[in-house]
Amino acid sequence: QVRLVESGGGLVQAGGSLRLSCAASGSIFSINAMGWYRQAPGKQRELVATITRGGSTMYADSVKGRFTISRDNAKNTVYLQMNSLKPEDTAVYYCNAGVWARPSSGYSDYWGQGTQVTVSS
């Protein structure tokens, strides 16, 4: 089956940077939109950024100007470059991808396992 593997989370001081990566593997025919979500303790999961097959991006207001989402279709990978990190960015970050799977080309959303990002003040 399709699997998303995340990396790049960790502990960073306020004002610092991290780059998250999420690589999709398995029975993939094509990947549609990809995105990043996050969930802080006691809060609902929220959308951070998305990127379409055509490269159109969308960002939550809270991260505009600080985060950049990108993708490498040859590697089936989505990235989230996070700059000027703030303590309120602390959350578990999840990647998401809409995937047409081989051989039937059935479409499903897949999620990564989540990676912790902690920003200290």
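Residues numbered from 1 in each chain as written. Predicted model: local features only at pLDDT ≥ 70, side-chain atom pairs only at ≥ 80, totals over all residues. Heavy atoms only, no water.

Is there a simple way to think about the overall build of the protein chain in this case?
The number of helices and strands found in the protein chain is 0 helices and 11 strands. When the helices and strands of the protein chain are placed in sequence order, the string is β-β-β-β-β-β-β-β-β-β-β. For the protein chain, whose C-alpha radius of gyration is 14 Å, the value lies close to the compact-globule estimate of 14 Å for 121 residues. Buried residues in the protein chain amount to 42% of all 121 residues. Across the protein chain, the fraction of contacts at a sequence separation of at least 24, relative to all contacts at a separation of at least 6, is 57%. Side chains of the protein chain give 12 positive and 7 negative charges; the mean places of these two sets differ by 6 Å. (Helix = DSSP H or I, 4+ residues; strand = E, 2+ residues; numbered from the N terminus. Rg over C-alpha atoms; globule rule 2.2 N^0.38 Å. Buried < 20%, exposed > 50% of the residue type's maximum accessible area, 1.4 Å probe, protein only. Contact = heavy atoms within 4.5 Å. Lys, Arg positive; Asp, Glu negative; His and termini not counted. Charge placed at Lys NZ, Arg CZ, Asp CG, Glu CD.)

Is there a simple way to think about the pattern of salt bridges in this case?
Here the idea is simple: oppositely charged side chains can pair when their charged atoms come close. Using the criterion set out here, one finds 4 salt bridges in the structure. Note that Glu46 and Arg38 form a salt bridge whose closest N and O atoms lie 2.8 Å from each other. The class for Glu46 is partly exposed, based on a relative accessible area of 29%. Residue classification places Arg38 among the buried positions, given a relative accessible area of 5%. Its salt-bridge partner being Arg66, residue Asp89 comes within 2.7 Å of it at the nearest N-O pair. In this pair, Asp89 sits in the loop between strand 8 (77-82) and strand 9 (91-101) while Arg66 sits in the loop between strand 6 (57-59) and strand 7 (67-72), placing the two residues 23 residues apart along the sequence. Arg66 gets classed as buried once you look at its relative accessible area, which sits at 10%. One continuous salt-bridge network, built from bridges that share partners, spans Arg38, Glu46, Arg66 and Asp89. (Salt bridge = Lys/Arg side-chain N within 4 Å of Asp/Glu carboxyl O.)

Quick question: what am I supposed to make of the sheet that holds strand 1 (residues 3-7) here?
Sheets are built from strands that pair by backbone hydrogen bonding, the pairs being arranged parallel or antiparallel. With respect to topology, 4 strands assemble into an open sheet ordered 1-3-8-7, the strand pairing being antiparallel. The strands lining the two open edges of the sheet, one partner per strand, are strand 1 and strand 7. Each neighbouring strand pair of the sheet contributes to a mean axis angle of 15 degrees, computed without reference to strand direction. Across 5 bridges, the pairing between strand 1 and strand 3 (residues 18-25) is antiparallel. Paired with Arg3 across the bridge in strand 3 is Ser25. (Pairing = 2+ DSSP bridges. Axes fitted to C-alpha atoms, helices over the stretch in contact; angles between N-to-C directions.)

Sorry if this is basic, but what is going on with the packing of aromatic side chains here?
Per the counting criterion, the structure on display carries 2 aromatic pairs. Taking the centre distance of 5.0 Å and the plane angle of 55 degrees together, the rings of Trp100 and Tyr107 count as tilted. For Trp100, a relative accessible area of 26% puts it in the partly exposed group. For the cation-ring pair, Arg45 lies above Tyr94, with the distance from its terminal atom to the ring centre recorded as 3.7 Å. (Phe/Tyr/Trp six-rings, centres within 6.5 Å; stacked < 30°, edge-to-face > 60°. Lys NZ or Arg CZ within 6 Å of the ring centre and 35° of its normal.)

Hey, could you run me through the nonpolar core in this one?
Looking at soluble globular proteins, one finds that nonpolar side chains tend to be buried together. Residues Trp36, Leu80, Met82 and Tyr93 are the most contacted members of the largest nonpolar core, which totals 32 residues. Elements supplying a minimum of two residues to this core: strand 3, strand 4 (28-39), strand 5 (46-51), strand 7, strand 8, strand 9 and strand 11 (115-120). Tallying contributions element by element places strand 9 first for this core, with 5 residues. Those residues in contact with Met82, other than ones at most four positions away along the chain, are Gly16, Ser17, Leu18, Leu20, Arg66, Phe67, Tyr93 and Val117. (Core = buried A, V, L, I, M, F, W, Y, C linked by side-chain atoms within 4.5 Å.)

Any chance you could explain the pairing of strand 3 here in plain terms?
Put simply, side chains in a regular strand alternate between the two faces of the sheet. Sheet topology places strand 3 next to strand 8; 6 bridges connect them, and they run antiparallel. Counted as the bridge partner of Leu18 is Met82 from strand 8.

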